[in-house]
Amino acid sequence: MSSYVQVLYQIVFCTKYRHPVLLKSGRQLLYRYVWGICKARNCHLILRIHPSVAIADLVKEIKVGSSKYIRLTGIFPEFTNWQTGYAAFSYAPKALPNLVRYVKNQERHHGRESSQGELLRLLNEHEVTYDPRQVE
């Protein structure tokens, strides 16, 4: 029998100290670069991760690769690094339209809710156990 997997993931990570340095003018270039990493690993954005790919390895590859790309191109002059760690949340395939809408409106969400507040809300909604002292 073959392996069949159908799980959507939302992966969340942010810049060091949550500094708002990802200027709107360069985001599309960054998104294309990250999409290229995911495509090469048979993953898709909003991520459907190929069964042979470990989430931690993929996030590391995205963060390391995109950090190098940002420094090489200079598209975000004030970027220093990504924060340590990440969060990953799983969704049923029928949640895809709502998830896409949510991600597209991310900038609007952050006008009402901080990125840290959003992360805490997602952790609670998905019943993830966490140490509040370690949520940067």
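One can find the structure itself at the top, above this paragraph.
Residues numbered from 1 in each chain as written. Predicted model: local features only at pLDDT ≥ 70, side-chain atom pairs only at ≥ 80, totals over all residues. Heavy atoms only, no water.

Q: Residue-level account of the overall build of the chain, with values.
A: Secondary structure assignment for the chain yields five helices and three strands. Along the chain direction, N to C, the helices and strands of the chain fall in the order β-α-β-α-β-α-α-α. Taken over the C-alpha trace, the chain has a radius of gyration of 15 Å; the compact-globule value for 136 residues is 14 Å, and the two agree within 12%. For the C-alpha atoms alone, the extent of the chain along its principal axes is close to 50 × 30 × 25 Å. Looking at the 136 residues of the chain, the share that counts as buried comes to 32%. At a minimum sequence separation of 6, the contacts of the chain that also span at least 24 residues come to 68%. Split by element, the accessible area of the chain, about 9200 Å² in all, is 54% carbon and sulfur. Both charge centroids of the chain, one from 19 positive and one from 10 negative side chains, sit 8 Å from each other. (Helix = DSSP H or I, 4+ residues; strand = E, 2+ residues; numbered from the N terminus. Rg over C-alpha atoms; globule rule 2.2 N^0.38 Å. Buried < 20%, exposed > 50% of the residue type's maximum accessible area, 1.4 Å probe, protein only. Contact = heavy atoms within 4.5 Å. Areas by Shrake-Rupley, 256 points an atom, 1.4 Å probe, with all protein chains shown as cover. Lys, Arg positive; Asp, Glu negative; His and termini not counted. Charge placed at Lys NZ, Arg CZ, Asp CG, Glu CD.)

Q: Provide a residue-level description of the packing of aromatic side chains, including the pertinent values.
A: Considering all chains together, one arrives at three aromatic pairs under this definition. With a centroid separation of 5.0 Å and 85 degrees between ring planes, the pair formed by Phe13 and Trp82 is classed as edge-to-face. Within this pair, whereas Phe13 is found in the loop between strand 1 (8-12) and helix 1 (24-40), its partner Trp82 is found in the loop between helix 2 (55-73) and strand 3 (87-91), the two being separated by 69 residues in sequence. The class of Trp82 is buried, set by a relative accessible area of 8%. Chaining the aromatic ring pairs together yields one cluster made of Phe13, Phe79 and Trp82. One residue, Lys16, lies across the ring of Tyr17, its end atom 5.5 Å from the ring centre. (Phe/Tyr/Trp six-rings, centres within 6.5 Å; stacked < 30°, edge-to-face > 60°. Lys NZ or Arg CZ within 6 Å of the ring centre and 35° of its normal.)

Coordinates in, geometry out; function isn't part of it.
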